[in-house]
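# What the coordinates show
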Amino acid sequence: RLESGWEVMVHESQLDEGKLRSVKAKRPSDYYHRGMQVWLKVSDLQHAKDGQQVKAKLQGSFKYVDQQSGADLDPTGAALLHDP
């Protein structure tokens, strides 16, 4: 959950695989957990109107942000754009 109250879904492909290997995690939940504070690069924002409500969905990536400093590791978005 972001400080703004938004919740973000992060696809498994956007996790920091190097970090998972370094802590010998067998699955992402061995390291990442709900409520964990992390740096996130927002990769997509989708919204749709459902009657009177507007629903929004954020997609994010951990692997293009340095988790120590918060520095953007892909400032132009080129790598994220070509990520499968």
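Let me begin by describing the structure that accompanies this report. Just so you know, the residues in each chain are numbered from 1, in the order the chain's sequence is written. Two thresholds apply to this predicted model, a pLDDT of at least 70 for residue-level local features and 80 or more for giving and counting side-chain atom pairs, whereas whole-chain, interface and lining totals are computed over all residues. With hydrogens and water set aside, each side-chain value is computed from the structure's full complement of heavy atoms.

## Considerations on the overall build of the protein
Inclusion rule: The helix count covers DSSP runs of H or I at least four residues long, the strand count covers runs of E at least two residues long, and both are numbered beginning at the N terminus. Here's how the labels work: a residue is buried when its accessible area is under 20% of the maximum for its type, exposed when over 50%, partly exposed in between, all with a 1.4 Å probe on protein chains only. We call two residues in contact when some of their heavy atoms are within 4.5 Å. Here Asp and Glu are counted as negative and Lys and Arg as positive; His is not counted, and neither are the chain ends. By convention, the point assigned to a charge is CZ for Arg, NZ for Lys, CD for Glu and CG for Asp.
Looking only at helices and strands, the protein has 2 helices and 3 strands in total. Counting only C-alpha atoms, the protein reaches 45 × 30 × 25 Å along its principal axes. Counting the 84 residues in the protein, one finds 18% classified as buried. Restricting the contact set of the protein to residue pairs at least 6 apart, pairs at least 24 apart contribute 46%. If the 12 positive side-chain charges of the protein are averaged to one point and the 12 negative ones to another, these points end up 6 Å apart.

## Observations concerning unusual backbone geometry
A positive phi angle is found at Lys24, which is not glycine, with a value near 55°. Relative to the elements of secondary structure, Lys24 occurs in the loop between helix 1 (17-22) and strand 2 (41-50).

## A look at the pairing of strand 3 (residues 53-61)
In the case of a regular strand, side chains alternate between the two sheet surfaces. Applied cut-off: We treat two strands as partners when DSSP finds at least two bridges between them.
For strand 1 (residues 8-9) and strand 3, the ladder comprises 2 bridges, and the chain directions are parallel. Pairing of Met9 across the sheet is with Gln59, part of strand 3. The turn joining strand 2 and strand 3, which pair antiparallel and follow one another in sequence, is formed by 2 residues; a positive phi near 70° is taken by Gly51.

## As for the sheet that holds strand 2
Pairing in this open sheet of 3 strands is mixed, and the strands run 1-3-2 from one edge to the other. Sheet topology places strand 1 and strand 2 at the edges, where each strand pairs with a single neighbour.

## Observations regarding the environment of Ser69
Using the following cut-off: Two N or O atoms form a polar contact when they lie within 3.5 Å of each other; inside protein one atom must be a possible hydrogen donor and the other a possible acceptor, and for residues adjacent in sequence the pair counts only when both atoms belong to side chains.
Mapped onto the elements, Ser69 comes out in the loop between strand 3 and helix 2 (78-81). A sequence separation of 30 residues divides Ser69 from Trp39, and the C-alpha atoms of the two residues are 8.4 Å apart. From its side chain, Ser69 meets the backbone nitrogen of Ala71 in a polar contact 3.1 Å long.

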